[in-house]
Amino acid sequence: MLCPAEVQLAQLDRLLALAGMPNLQFGIIPFGVYLPTAPQNGFILFDDLAVVETFIGETMHHGDEAGAYAHAMDRLNAEAVFDEPARQLIIRAIESLRGV
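Please read these numbers as outputs of a predicted model, since none were measured by experiment. (Residues numbered from 1 in each chain as written. Predicted model: local features only at pLDDT ≥ 70, side-chain atom pairs only at ≥ 80, totals over all residues. Heavy atoms only, no water.)

Trainee: Before we go on, may I ask you to explain helix H2 (residues 63-79) in this structure?
Mentor: A turn of α-helix holds 3.6 residues, and therefore any two residues three or four places apart point the same way. Between its first and last C-alpha atoms H2 spans 25 Å; for 17 residues at 1.5 Å apiece the expected length is 24 Å, and the two agree. Turning to H2, the residues buried within the fold contact strand S2 (42-46), strand S3 (49-54) and strand S4 (57-62). (Helix = DSSP H or I, 4+ residues; strand = E, 2+ residues; numbered from the N terminus. Expected span 1.5 Å × (residues − 1). Contact = heavy atoms within 4.5 Å.)

Trainee: Is there a simple way to explain the pattern of salt bridges in this structure?
Mentor: Close approach of charged atoms allows side chains of opposite charge to pair. Overall, the coordinates contain 2 salt bridges when judged by the stated rule. Between Asp 13 and Arg 14 there is a salt bridge, and its shortest N-O distance comes to 3.4 Å. Owing to a relative accessible area of 51%, Arg 14 belongs among the exposed residues under this scheme. (Salt bridge = Lys/Arg side-chain N within 4 Å of Asp/Glu carboxyl O. Buried < 20%, exposed > 50% of the residue type's maximum accessible area, 1.4 Å probe, protein only.)

Trainee: What's the story with the packing of aromatic side chains in this structure? I'm lost.
Mentor: How two aromatic rings sit relative to each other is set out by the distance from centre to centre and by the angle between their planes. A full pass over the atoms with the stated rule returns 1 aromatic pair. Seen from their ring centres, Phe 43 and Tyr 69 are 5.1 Å apart, and the 55 degrees between their planes marks the pair as tilted. With Phe 43 in strand S2 and Tyr 69 in helix H2, this residue pair connects regions lying 26 residues apart in the sequence. When its relative accessible area of 14% is taken as the criterion, Phe 43 is described as buried. (Phe/Tyr/Trp six-rings, centres within 6.5 Å; stacked < 30°, edge-to-face > 60°.)

Trainee: Before we go on, may I ask you to explain the side chain of Thr 37 in this structure?
Mentor: Structurally, Thr 37 can be placed in the loop between strand S1 (27-28) and S2. Here Arg 75 takes part through its side chain, which lies 3.3 Å from a polar atom of the side chain of Thr 37. Not counting the four nearest positions on each side in its chain, Thr 37 is found in contact with Ala 72, Arg 75 and Leu 76. (Polar contact = N/O pair within 3.5 Å; in protein donor to acceptor, adjacent residues only side chain to side chain.)

Trainee: What am I meant to see in the pairing of S4 here?
Mentor: Side-chain positions along a regular strand alternate between the two faces of the sheet. Pairing of S3 with S4 involves 6 bridges; the strand directions are antiparallel. The residue bridging Leu 49 from the neighbouring strand is His 62, located in S4. If you look at the hairpin formed by S3 and S4, you'll find 2 residues sitting between the two strands. (Pairing = 2+ DSSP bridges.)

Trainee: What am I meant to see in the layout of surface pockets here?
Mentor: Where empty space is left can be seen by rolling a probe of water-molecule size over the atoms. As a volume, the largest pocket reaches approximately 530 Å³. Gly 27, Phe 43, Met 73, Leu 76 and Asn 77 are the residues nearest the centre of the largest pocket, which is lined by 13 residues in total. Elements with a contribution of two residues or more to the lining of the largest pocket: S1, S2 and H2. Among the elements that take part in the lining of the largest pocket, H2 stands out by supplying 3 residues, more than any other. (1 Å grid on protein atoms, 1.4 Å probe; cavity = no way out; pocket = protein on both sides within 12 Å on 5 of 7 lines; lining within 4 Å. Points joined across faces, edges and corners; volume = space filled by probe spheres on them.)

Trainee: Help me out: how do you make sense of a negative patch on the surface in this one?
Mentor: A surface patch of negative charge is lined by Asp 47, Asp 48, Asp 64 and Glu 65. Here Asp 47 lies in the loop between S2 and S3. For Asp 47, a relative accessible area of 86% gives the class exposed. (Patch = residues over 30% accessible without salt bridge, like charges linked within 9 Å, V, L, I, M, F, W, Y side chains within 5 Å. Areas by Shrake-Rupley, 256 points an atom, 1.4 Å probe, with all protein chains shown as cover. Lys, Arg positive; Asp, Glu negative; His and termini not counted. Charge placed at Lys NZ, Arg CZ, Asp CG, Glu CD.)

Shown next as structure tokens:
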């Protein structure tokens, strides 16, 4: 784990709250899923803008470059679970951390 169990539990609780929001698409890629695309950096998409987070800062990409990130997101979404299956993954992670 990258942080203490108490911190992880708090983060999972926040994700559980977000997973139920009607205006948010929330997906989780389960452990063990083969990924056809493995992003090397985190990124955020805003319409025709991709903001890529690196260790030294952020870079912004427009047009075709942003399109490449949108394509990567589509491929990742294809491997994710959403709605109740995503909530169940979070609940199982919480139970595992609590030793239930």
